[in-house]
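# A structural walkthrough
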Amino acid sequence: MFQSPHPSSASDKKALAETESSSATGTKKVLLVGATGFLGAKILRNLTLDPSVAVVAMSRKGAPSNDSADVEWVRGDMMDPASLDRALQGVDVVVSSANSYMKGSLDTDFEGNKNLVEAAARANVGRFVFLSIVSCEAASAVPHFHAKKVAEDLIKASGVPYVFVRAPTFLDQSSDYIAKGVKAGRFLAMGDKTTKWSYVLTDDLASYLAKAATFPGSEINHQTIDVGWRDGAKSQQEVADLVSEVIKKRLSVRAVPWLVFRALARPVKLFSELGYDLIQMFLFFKKGVYISNISKQEHFFGPAPTSRDAITRWAKSHQLIS
């Protein structure tokens, strides 16, 4: 259905040879970049569940105090090319969920990704699984969305076989403002209650990234895969209504008007790179193009969850329901 061309480049041939070799030896060495992050920790758990994978996790500080015996930790910094060369030695697949924009800087999102791509090309890895963003090619005004498109282009130009897993809005965050609001009986909408965009639960996204890393054969190489929900994009009112139904508690929905975001963009840019980025992101949502096409998701990763299923699992994880 989504067949790739027959391998012709040296990297494609290496990827195919390594797939065959991995089948024979029963192991594939996968390096996870961004392993200590909110999403990265979930990807790491998924990878360790696969007995055919030798998991290597990269961290600037080495192994955390709660490290697992199933994981080899290596020191590496995306701003230090030499450390990336060391981390990538003998690696078959690299998975990157790293980002720096939530830390107030976009250095990793631009220069760091460039360093990682160049190091992956030097190491001649068989597959580069890169966490990207839905419709990032249409979002040049949103710095961290644009950074994903720049990285995609660098990976394509490098010749390394790639899989771009493009995520929409996370239903859950490391600091889950939606859950906090729901516990207080309210749902804060950004802009309006009617514009639709796509969502994903990070537990599901972590699973997809791990599956992309371990997918057998080369059919998945050179694919850009949007992920989301089977029943499509949702407005914030629809999400709030579904949450209300699942937890059996009516929520008060309030929207921060788009006008507020437009008015704040210029002054916020003067003192907060992150704040400006987030405002531009919300204004991008208003365009109505932040919508996943999940046809490839279901082909490579299996049936997509419905919005109700994802929201139910999210609600259970936050003890909103038993």
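Being a predicted model, the structure only gives us computed values, none of them experimental. (Residues numbered from 1 in each chain as written. Predicted model: local features only at pLDDT ≥ 70, side-chain atom pairs only at ≥ 80, totals over all residues. Heavy atoms only, no water.)

## Section: the overall build of the protein
Counting its regular elements, the protein contains 12 helices and 13 strands. Going through the 322 residues of the protein one by one, you find that 54% of them count as buried. Taking the intrachain contacts of the protein between residues at least 6 apart in sequence as the baseline, contacts between residues at least 24 apart amount to 78%. Accessible area for the protein stands at about 14,400 Å²; split by element, carbon and sulfur atoms hold 54% of it. (Helix = DSSP H or I, 4+ residues; strand = E, 2+ residues; numbered from the N terminus. Buried < 20%, exposed > 50% of the residue type's maximum accessible area, 1.4 Å probe, protein only. Contact = heavy atoms within 4.5 Å. Areas by Shrake-Rupley, 256 points an atom, 1.4 Å probe, with all protein chains shown as cover.)

## Let's talk about the environment of leucine 320
Mapped onto the elements, leucine 320 comes out in the segment after helix H12 (307-317). Between the C-alpha atom of leucine 320 and that of valine 182, which follows or precedes it by 138 residues, the distance is 8.4 Å. With near-sequence residues (within four places) excluded, leucine 320 lies in contact with Val182, Lys183, Ile247, Trp314 and Ala315.

## Observations regarding the sheet that holds strand E6 (residues 162-167)
Read from one edge of the open sheet, seven strands run E3-E2-E1-E4-E5-E6-E11, paired in parallel fashion. The sheet is open, and its two edges are formed by strand E3 (71-75) and strand E11 (223-226), each paired on a single side. Sheet twist, expressed as the average angle between the axes of neighbouring strands with direction ignored, equals 20 degrees. Note that strand E5 (residues 127-133) and E6 share six bridges and pair parallel. Residue isoleucine 133 lies in a different strand from E6, and its bridge partner there is alanine 167. Relative to the sheet, helix H5 (residues 143-158) contacts E5 and E6, its axis offset from that of E5 by approximately 155 degrees. (Pairing = 2+ DSSP bridges. Axes fitted to C-alpha atoms, helices over the stretch in contact; angles between N-to-C directions.)

## Considerations on the pattern of salt bridges
Under the criterion given, the structure shown has 14 salt bridges. Here glutamate 118 and lysine 114 are joined by a salt bridge, their closest N and O atoms 2.9 Å apart. In this pair, glutamate 118 and lysine 114 both sit in helix H4 (residues 107-123), four residues apart, roughly one turn of the helix. Glutamate 152 is paired through a salt bridge with arginine 166; the nearest N and O atoms lie 2.8 Å apart. (Salt bridge = Lys/Arg side-chain N within 4 Å of Asp/Glu carboxyl O.)

## Details of the nonpolar core
Across soluble globular proteins, nonpolar side chains show a tendency to be buried alongside one another. Counting residues in hydrophobic clusters, the biggest one holds 43 residues, and the most contacted among them are Phe145, Ile247, Phe285, Ile311 and Trp314. The set of elements that each furnish at least two residues to this core consists of helix H6 (177-183), strand E8 (186-191), helix H8 (236-247), helix H9 (258-269), helix H10 (273-285) and H12. Of all the elements, H10 adds the most residues to this core, at seven residues. In contact with phenylalanine 145, not counting residues within four places along its chain, are Ile133, Cys136, Ala139, Met281, Phe284, Phe285 and Tyr290. Formed by 33 residues, the second largest nonpolar core is a distinct cluster that contains Leu39, Val71, Val163 and Ile220. (Core = buried A, V, L, I, M, F, W, Y, C linked by side-chain atoms within 4.5 Å.)

## Description of the pairing of strand E1 (residues 28-33)
Among the six residues of E1, five are classified as buried, and the element is accordingly described as predominantly covered. In this sheet, strand E2 (residues 53-59) lies alongside E1 in parallel orientation, the contact comprising six bridges. Within E2, the position partnered with leucine 31 by the bridge is valine 56. Handedness of the crossover is the feature at issue here: the chain leaves E1, passes through helix H2 (residues 38-48), returns alongside E2, and the resulting connection is right-handed. Two strands pair when backbone bridges link them, and E1 and strand E4 (residues 93-96) are joined in this way by four bridges, in the parallel orientation. Residue pairing across strands places leucine 32 opposite valine 95, the latter belonging to E4. (Right-handed = clockwise from strand over helix to strand, strands pointing away.)

## Focus: the side chain of glutamine 280
When you line up the elements, glutamine 280 lands in helix H10. Relative accessible area serves as the criterion here: at 13%, glutamine 280 is assigned to the buried category. The residues touching glutamine 280, leaving out its near neighbours within four places in the chain, are Ala141, Val142 and Ala265.

## Observations regarding the confidence of the model for the protein
Of the residues in the protein, 89% reach a pLDDT of 70 or more, and the chain-wide mean stands at 90. Taken together, the stretch residues 1-8 has pLDDT below 50 and engages in 16 contacts with residues farther than four places along the chain or on a different chain. Here residues 17-24 scores under 50 on pLDDT; set against residues more than four positions off or in separate chains, the count is seven contacts. (pLDDT = per-residue confidence, 0-100.)

## Digging into the packing of aromatic side chains
Counting across every chain of the model gives 15 aromatic pairs. Ring centres of phenylalanine 282 and phenylalanine 285 lie 5.9 Å apart, and the angle between their planes is 80 degrees; on these two criteria the pair is classed as edge-to-face. Of this pair, phenylalanine 282 and phenylalanine 285 both sit in helix H10, three residues apart, roughly one helical turn. Taken individually, phenylalanine 282 and phenylalanine 285 each receive the classification buried, so the pair is uniform in this respect. (Phe/Tyr/Trp six-rings, centres within 6.5 Å; stacked < 30°, edge-to-face > 60°.)

## A few points about the side chain of serine 244
Looking at where serine 244 falls in the secondary structure, it is placed in helix H8. Sequence-distant contacts of serine 244, defined by excluding residues within four places in its chain, comprise Lys249, Arg250 and Leu251.

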